[in-house]
Amino acid sequence: MAETYCGKKIQRRRPPRFELTGGAVCLDFVNTLDDRYTNEPKELLKTYIDLARFGEDTGILRTREVDQLFTRSQTSPEEAKRALTAAIELREVMYAVLWAIVNKKTAPRSALMTLNQFVQEAAQHAQLVETNGRFEWKFEEALSFDAPLWPIARSAADLLASDQLAFVRPCAARTCLWLFLDTSKNHRRRWCDMTKCGNRAKFQRFYTRKKTRMKEQR
Ligand SMILES: [Zn+2]
């Protein structure tokens, strides 16, 4: 049976959609629950193919792998759905740990325990490979529905164990709060994306000032 969402058939091809402003795959992944802090959070991973597309957009999966996963998610929809549920669990424990960190709190133990399970599972599908005198983690070919989860979990582990962790920030727009890694020189970046949240905030400031001025003139 073809993968459907709300009765609509899912198309494999579509223009790039995920806004990758996080600076680390794990942060972009946390941001796939958009408007998280509003009354109506927006789930960007509605079907398994959304997850595979995220893998394609971020470069953790190759187009060929996404094609294969897409075809297989249509023949084994239950298995694909199980992997999507696991991906969302991974995302939420990553969020719980990172959100605690950005708020200078201790990470919740249960979330960290679950995250560790994902990290250990990911390690079983990766090996060190030498290229030009350097080593990197390479994940096995994405034949399993869980394949997108491995590099995501690995990315979270790398970030959490690095000095960069101190530079993870939530976007300053209160309705956004997307997480990003502030790699700017003076570490004073405020917005997930200047053209999106930054401009909106600027516009609001300008608009409020203008309104105040108009009131004052009355
Ligand atoms: Zn933002």
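Note that this is a predicted model, so its numbers are computed, not measured.

Draft legend 1. Spatial organisation of unusual backbone geometry. The residue Asp35 is not glycine, and still its phi comes out positive at about 50°. If you trace the backbone, Asp35 turns up in the loop between β3 (33–34) and β4 (42–43). One non-glycine residue, Asn132, adopts positive backbone phi at about 50°. Within the fold, Asn132 resides in the loop between β5 (126–131) and β6 (134–139). Classification of Asn132 by relative accessible area gives exposed; the value is 79%.

Draft legend 2. Representation of the pairing of β6 within the structure. Direction of pairing for β5 relative to β6: antiparallel, over a ladder of six bridges. Pairing of Leu128 across the sheet is with Trp137, part of β6. If you look at the hairpin formed by β5 and β6, you'll find two residues sitting between the two strands, and Asn132 has a positive phi there, around 50°.

Draft legend 3. Structural context of empty space enclosed by the protein. Tallied over the full model, the rule gives two cavities of 30 Å³ or more. By volume, the largest cavity amounts to about 50 Å³. Residue lining of the largest cavity: Val30, Asn31, Leu33, Arg36, Tyr37, Tyr95, Cys176, Leu177, Trp178 and Leu179, and that is the complete set. Tallied by class, residues from the lining of the largest cavity come to eight nonpolar, one polar and one charged. In this model, the second largest cavity occupies a volume close to 30 Å³. In terms of lining, the second largest cavity is formed by Phe18, Glu19, Leu20, Asp28, Asn31, Thr32, Leu44, Phe54 and Trp178. Here the residues of the lining of the second largest cavity sort into five nonpolar, two polar and two charged.

Draft legend 4. Examining the packing of helix α5 (residues 109–123) against helix α6 (residues 149–160) more closely. Contact pair α5 / α6: the axes reach a minimum separation of 8 Å and the direction vectors enclose 115°. Relative to α6, α5 is oriented so that their crossing is left-handed. Residues Leu115, Phe118, Val119, Glu121 and Ala122 of α5 touch α6, and the partners they reach there are Leu149, Trp150, Ala153, Ala156, Ala157 and Leu160. Residue composition of the contact of α5 with α6, grouped by class: ten nonpolar, no polar and one charged.

Draft legend 5. Layout of the packing of aromatic side chains. With the rule as written, the count across this model stands at six aromatic pairs. Seen in terms of ring centroids, Tyr48 and Phe145 are 5.1 Å apart; in terms of plane orientation they differ by 75°. Their pairing is edge-to-face. Of this pair, Tyr48 sits in helix α2 (residues 48–58) while Phe145 is found in the loop between β6 and α6, placing the two residues 97 residues apart along the sequence. Note on Tyr48: relative accessible area 1%, which makes it buried. Overall, the relative accessible area of 2% leaves Phe145 in the buried class. Within the aromatic cluster, the residues linked to one another by ring pairs are Phe18, Phe29 and Phe54.

Draft legend 6. Main features of the side chain of Asp182. In this fold, Asp182 is placed in the loop between β8 (179–181) and α7 (194–217). Within the structure, Asp182 has its side chain in polar contact with the backbone nitrogen of Arg189 (distance 3.2 Å). If sequence neighbours within four positions are ignored, Asp182 has contacts with Phe167, Arg169, His187, Arg188 and Arg189.

Draft legend 7. Spatial organisation of the nonpolar core. Grouped together as the largest cluster of nonpolar side chains are 49 residues, with contacts concentrated most on Leu27, Phe29, Tyr48, Leu90, Met94 and Leu115. Elements represented by at least two residues in this core include exactly α1 (25–30), α2, α3 (63–75), α4 (77–102), α5, α6 and β8. Other than its neighbours up to four places away in sequence, Leu115 contacts Leu90, Val93, Met94, Val97, Ala156 and Leu160. Cys171, Ala173, Trp191 and Cys192 belong to the second-largest nonpolar core, a separate cluster that totals eight residues.

Here is what the cut-offs are and how they apply
- Residues numbered from 1 in each chain as written.
- Predicted model: local features only at pLDDT ≥ 70, side-chain atom pairs only at ≥ 80, totals over all residues.
- Heavy atoms only, no water.
- Helix = DSSP H or I, 4+ residues; strand = E, 2+ residues; numbered from the N terminus.
- Buried < 20%, exposed > 50% of the residue type's maximum accessible area, 1.4 Å probe, protein only.
- Pairing = 2+ DSSP bridges.
- 1 Å grid on protein atoms, 1.4 Å probe; cavity = no way out; pocket = protein on both sides within 12 Å on 5 of 7 lines; lining within 4 Å.
- Points joined across faces, edges and corners; volume = space filled by probe spheres on them.
- Nonpolar A, V, L, I, M, F, W, Y, C, P; charged D, E, K, R; others polar.
- Axes fitted to C-alpha atoms, helices over the stretch in contact; angles between N-to-C directions.
- Left-handed = near helix turned anticlockwise from the far one by under 90°.
- Contact = heavy atoms within 4.5 Å.
- Phe/Tyr/Trp six-rings, centres within 6.5 Å; stacked < 30°, edge-to-face > 60°.
- Polar contact = N/O pair within 3.5 Å; in protein donor to acceptor, adjacent residues only side chain to side chain.
- Core = buried A, V, L, I, M, F, W, Y, C linked by side-chain atoms within 4.5 Å.

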